[in-house]
Amino acid sequence: MNTTFRSLRNANYRTWAAGALVSNVGTWMQRTAQDWLVLTQLTHHNASAVGTVMALQFGPQMLFLPLSGYAADHYDQRKMLFATQATMGVLALALGMLTITGAVQLWHVYVFAFLFGSAAAFDAPVRQTFVTQLVDEADLPNAVALNSTSFNAARMLGPAVAGLVIASVGTGWAFTLNGLSFVAVLISLTRLRVSALHAQARARRARGSLLEGFRYVGARPDLLTILVMLFLIGTFGLNFPIFISTMAVRVFHADARGYGLLSSIMAVGTVSGALLAAGRKRPSFAALSSGSLIFGLGCTVAAIAPQYWIFAASLVVIGAAALTFTNTSNSLMQLSTEPAMRGRVMALRIGVALGGTPIGAPIVGWVADHPGPRWALGVGAAAGFASALVAVYAVARNFHEPRHDAQP
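Remember, predicted model here, so these are calculated numbers, not experimental data. (Residues numbered from 1 in each chain as written. Predicted model: local features only at pLDDT ≥ 70, side-chain atom pairs only at ≥ 80, totals over all residues. Heavy atoms only, no water.)

**Some remarks on the overall build of the protein**
Thinking step 1. Within the protein, the regular secondary structure consists of 17 helices and 0 strands.
Thinking step 2. Relative to the 2.2 N^0.38 estimate, which gives 22 Å for 408 residues, the radius of gyration of the protein is 20 Å and therefore close to what a compact globule would have.
Thinking step 3. Once the C-alpha set of the protein is aligned to its principal axes, its extents read approximately 55 × 50 × 45 Å.
Thinking step 4. Looking at the protein as a whole, 60% of its 408 residues are labelled buried.
Thinking step 5. Excluding contacts between residues fewer than 6 apart, the proportion of contacts in the protein whose partners are at least 24 apart in sequence is 88%.
Thinking step 6. In the structure as shown, the protein presents an accessible area of about 16000 Å², 66% of it carried by carbon and sulfur atoms.
Thinking step 7. Each charge class in the protein can be summarised by its mean position, and for the 27 positive and 14 negative side chains these summaries are 3 Å apart. (Helix = DSSP H or I, 4+ residues; strand = E, 2+ residues; numbered from the N terminus. Rg over C-alpha atoms; globule rule 2.2 N^0.38 Å. Buried < 20%, exposed > 50% of the residue type's maximum accessible area, 1.4 Å probe, protein only. Contact = heavy atoms within 4.5 Å. Areas by Shrake-Rupley, 256 points an atom, 1.4 Å probe, with all protein chains shown as cover. Lys, Arg positive; Asp, Glu negative; His and termini not counted. Charge placed at Lys NZ, Arg CZ, Asp CG, Glu CD.)

As structure tokens, this is what we get:
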């Protein structure tokens, strides 16, 4: 237990984690409410529209490369987090007001998805690398894993609460509560002990530094392999809003509570995977490749599940595998990257993992609309198996573990 939660001994990390947990619950409430709003209120079960929302929300991760990574490596990360978190809070409140008043239209959701995604594009690499200022280098894998635990613990609560809120008072209040949840993060940022932060080497501003992250990764076969695997699963596999919503509504004919429950059940698996990762001293390529394979197997079982509860059980496996894969890729890339380059490398990682959504989500949404939701899950299964094959190929070509020799 002490090993699993060792980062919580650090006062700054405890403060940050507490604020992040509250905000994460709100984030999952908004994601659930947004998909439900588009699928059942603004369209007639149109999965392609959900895919378009996902494309607009995650597309900025790639669109703003390499600016987002440059900002993370060059500017004050604490101040950047304050700005991005406040922006996302205001956007959530605005969408909530539009929905509560009945004025919301589909194009409004598209616009807010893009604006929210743009703020998140600059927030994500800073948030993921800011943890290096909160804990020692030795505790970094544990802190990364606990961040994922918090995010996915909120995933158990957020969708279920969103389902209750939607059923009782309406979709708009889920957006409003998310907007208010960002206050917790802003308070935690103001209460950090600045003197206790671990100062990290900042990159020097020089000509060509915007593209330096691409050159750095291009010279690292280990990082390139991880990015290819991330692209496959991130583009075609991590489309859970489409998978879960279409299976819930069109296959199992569930209501808002049943839909929210499925998302919460999936989070049981992701939290389990996160806690296992937190207990490991070092991430490994073996965990990364096994996560890909199990993800593919889980999606296969989900695609052929004949009953709601069998489908729900398969989501636990998918969640654990997805978390193992994404969390391991995060730790491997951070630990093997020089501190002054981490922001740009992590921005590239996030851009590849989420920036492929504008390609994959509309395709998966179209498959869900036409051949059917089960076939869409088949696409996710194929992505997991393809990623595992990339790992096999890398090992066959004398792949070496990512080095953990980055100096603080």
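Having seen the model, we can carry on.
**Let's talk about the UniProt feature "transmembrane region" (unreviewed entry) in the protein**
Thinking step 1. The residues that UniProt annotates with the feature "transmembrane region" (unreviewed entry) are residues 80-100, 156-175, 222-244, 256-278, 285-303, 309-326, 347-368 and 374-396.
Thinking step 2. Helix makes up 100% of residues 80-100 and strand makes up 0%, while its end C-alpha atoms are separated by 30 Å. (UniProt positions renumbered as here; feature names shortened; annotations may be inferred.)

**As for the packing of helix H5 (residues 77-100) against helix H6 (residues 106-134)**
Thinking step 1. As a packed pair, H5 and H6 sit with axes 9 Å apart at the nearest point and diverge in direction by 155 degrees. Considered as vectors, H5 and H6 are oriented roughly antiparallel to each other. In this structure, H5 meets H6 at a crossing whose hand is left-handed.
Thinking step 2. Among the residues forming the contact of H5 with H6, the class breakdown is 15 nonpolar, 7 polar and 3 charged. (Axes fitted to C-alpha atoms, helices over the stretch in contact; angles between N-to-C directions. Parallel < 35°, antiparallel > 145°, perpendicular 65-115°, else oblique. Left-handed = near helix turned anticlockwise from the far one by under 90°. Nonpolar A, V, L, I, M, F, W, Y, C, P; charged D, E, K, R; others polar.)

**Section: the environment of Leu335**
Thinking step 1. Checked against the element boundaries, Leu335 lands in helix H14 (residues 308-335).
Thinking step 2. The exposure class of Leu335 is buried, given its relative accessible area of 4%.

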